[in-house]
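The lines below spell out each chain.
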Amino acid sequence: MTYKIDGKEVSSYIKECLKKEVQKLDIKPCLAVVLVGSNPASISYVSSKKKTCEELGFSHRDIDLDETVSQDDLISVIEDLNRDDNVDGILVQLPLPRHIDSDMIIKKILPEKDVDGFTPINMGRLVLGQECFIPCTPKGILALLDYYKIDTDGKKVVVVGRSNIVGKPIANLLMQKDRNATVTVCNTHTKDLKKECLEADILIAACGQREAIKGDMVKDGAVVIDVGINRVDDPSRERGWRLVGDCDYNALKDKVTAITPVPGGVGPMTIAMLMENTLIAFKRRRGL
Ligand code: GUN
């Protein structure tokens, strides 16, 4: 029997726990949300993050900058937030406009406030197995595995995708001594992707390609974590589109042990983890 890994349920549970913890605090943890320009997807993500702050009793500082902001002015904004004692976490929504060097901007965020876990300092600490901020999507995957008691010790994990945000950090986290998985990371140049995927006890699909993982690419009884969020046209829906993952859910759902749906799997976990990281930043900064 296949079971669904229900990110909505797990994220609701985690958010409820965070809300209760924040209620006990005298000061609200504060997340600064920096949005540059008017990319519709970014606006939608940022508004969900702010709404979740409000639901859980966090405060948020909104910094909305014009598409044409200079790199130097954006750096000044970040440096002000770094210095501001009332700000616990800083999130710069990506992607940034093309005239801005994203790596340069991310590097300016104080590691202690880098709740996305994107700075080189936090990524370095993550690889070394040191205290850090774990990026929200990989952290959400670990939380799902823990909630469903999916053991990774000695298991073969195949990660499809090598992004800085998901593939690289999740591979590193799972290979560490507390998780003990044997990890293979595939990319677009992998010679025989099907052969690699068929080896997986746990398959993590994070390649950003709709339904790239087909029914015959996963072994019976595997666990599948689908990180993909791809919009496809669907005239049967009023809004004209629907979301699909990086896996062919219908082809996999009856042969695997467990699978995350899209939507409702990894997606809802990401914001819950951002809130958790913001609370951790708040506590660490105050020595709590
Ligand atoms: N753009 C897409 N995903 C993310 C994320 O997790 N954090 C930030 N800052 N920007 C994103």
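Look up a bit, the structure's there.
Described in the following lines is the structure provided in the data block.

**Concerning helix H5 (residues 120-128)**
The set of residues buried in H5 consists of Asn122, Met123 and Leu126. Buried residues of H5 fall within an arc of 100 degrees about the axis and therefore sit on the same side. Opposite the buried face of H5, by more than 90 degrees, sit the exposed residues Pro120 and Leu128. Buried residues along H5 sit in contact with helix H7 (167-175). Immediately downstream of H5, the backbone of Gly129 shows phi near 75 degrees, a positive value.

**With respect to the pattern of salt bridges**
Tallying each qualifying case throughout the model produces 18 salt bridges. In this structure, Arg285 and Asp88 form a salt bridge, with 2.7 Å as the shortest nitrogen-oxygen distance. With a gap of 197 residues between them, Arg285 in helix H10 (residues 267-285) and Asp88 in the loop between helix H3 (71-83) and strand E4 (89-92) connect regions that are remote in the sequence. The class for Arg285 is partly exposed, based on a relative accessible area of 28%. A salt bridge links Arg284 to Glu131; its shortest N-O distance comes to 3.4 Å. Of this pair, Arg284 sits in helix H10 while Glu131 sits in the loop between H5 and helix H6 (136-147), placing them 153 residues apart in sequence. Residue classification places Arg284 among the partly exposed residues on the basis of a relative accessible area of 36%. One salt-bridge network, held together by shared partners, links Asp85, Asp88, Arg285 and Arg286.

**Considerations on the nonpolar core**
Among the nonpolar cores identified, the biggest contains 51 residues, and Ile141, Ile204, Ile225 and Met275 are the most heavily contacted of them. When sequence neighbours within four positions are dropped, the list of residues in contact with Ile225 reads Ile5, Ile141, Leu145, Leu203, Ile204, Ala205, Thr260 and Val266. Formed by 19 residues, the second largest nonpolar core is a distinct cluster that contains Val36, Ile63, Leu74 and Ile105.

**Quick word on the site of the ligand**
Around the ligand, a shell composed of Lys49, Leu91, Val92, Gln93, Leu94, Asp116 and Phe118 is seen. Between a nitrogen atom of the ligand and a main-chain N or O atom of Val92, the distance comes to 2.8 Å. In the model, a nitrogen atom of the ligand is placed 3.2 Å from a nitrogen or oxygen of the Gln93 side chain. In a pocket analysis with a 2 Å cut-off to the grid points, the ligand is assigned to the largest pocket. Its residues assigned to classes, the shell around the ligand shows four nonpolar, one polar and two charged.

**Regarding the packing of H5 against H7**
Put simply, H5 and H7 touch, their axes get as near as 8 Å, and they point 30 degrees apart. If you check the angle between H5 and H7, you find them roughly parallel. Taken together, the residues of H7 that come into contact with H5 (itself represented by Met123, Leu126 and Val127) are Pro169, Asn172 and Leu173.

**What about helix H2 (residues 40-56)?**
Over its 17 residues, H2 runs 25 Å from end to end, which matches the ideal 24 Å to within 8%, given 1.5 Å per residue. Burial in H2 covers these residues: Ser42, Val46, Lys49, Lys50, Thr52, Cys53 and Leu56. Each buried residue of H2 sits inside an arc of 155 degrees when the element is viewed along its axis, so together they form one side. Of the residues in H2, the exposed ones pointing more than 90 degrees away from the buried face are Pro40, Lys51 and Glu54.

Calculation rules
Residues numbered from 1 in each chain as written. Predicted model: local features only at pLDDT ≥ 70, side-chain atom pairs only at ≥ 80, totals over all residues. Heavy atoms only, no water. Buried < 20%, exposed > 50% of the residue type's maximum accessible area, 1.4 Å probe, protein only. Helix = DSSP H or I, 4+ residues; strand = E, 2+ residues; numbered from the N terminus. Arc of directions from axis to C-beta. Contact = heavy atoms within 4.5 Å. Salt bridge = Lys/Arg side-chain N within 4 Å of Asp/Glu carboxyl O. Core = buried A, V, L, I, M, F, W, Y, C linked by side-chain atoms within 4.5 Å. Near = heavy atom within 4 Å. Polar contact = N/O pair within 3.5 Å; in protein donor to acceptor, adjacent residues only side chain to side chain. 1 Å grid on protein atoms, 1.4 Å probe; cavity = no way out; pocket = protein on both sides within 12 Å on 5 of 7 lines; lining within 4 Å. Sits in = over half its atoms within 2 Å of the grid points. Nonpolar A, V, L, I, M, F, W, Y, C, P; charged D, E, K, R; others polar. Axes fitted to C-alpha atoms, helices over the stretch in contact; angles between N-to-C directions. Parallel < 35°, antiparallel > 145°, perpendicular 65-115°, else oblique. Expected span 1.5 Å × (residues − 1).

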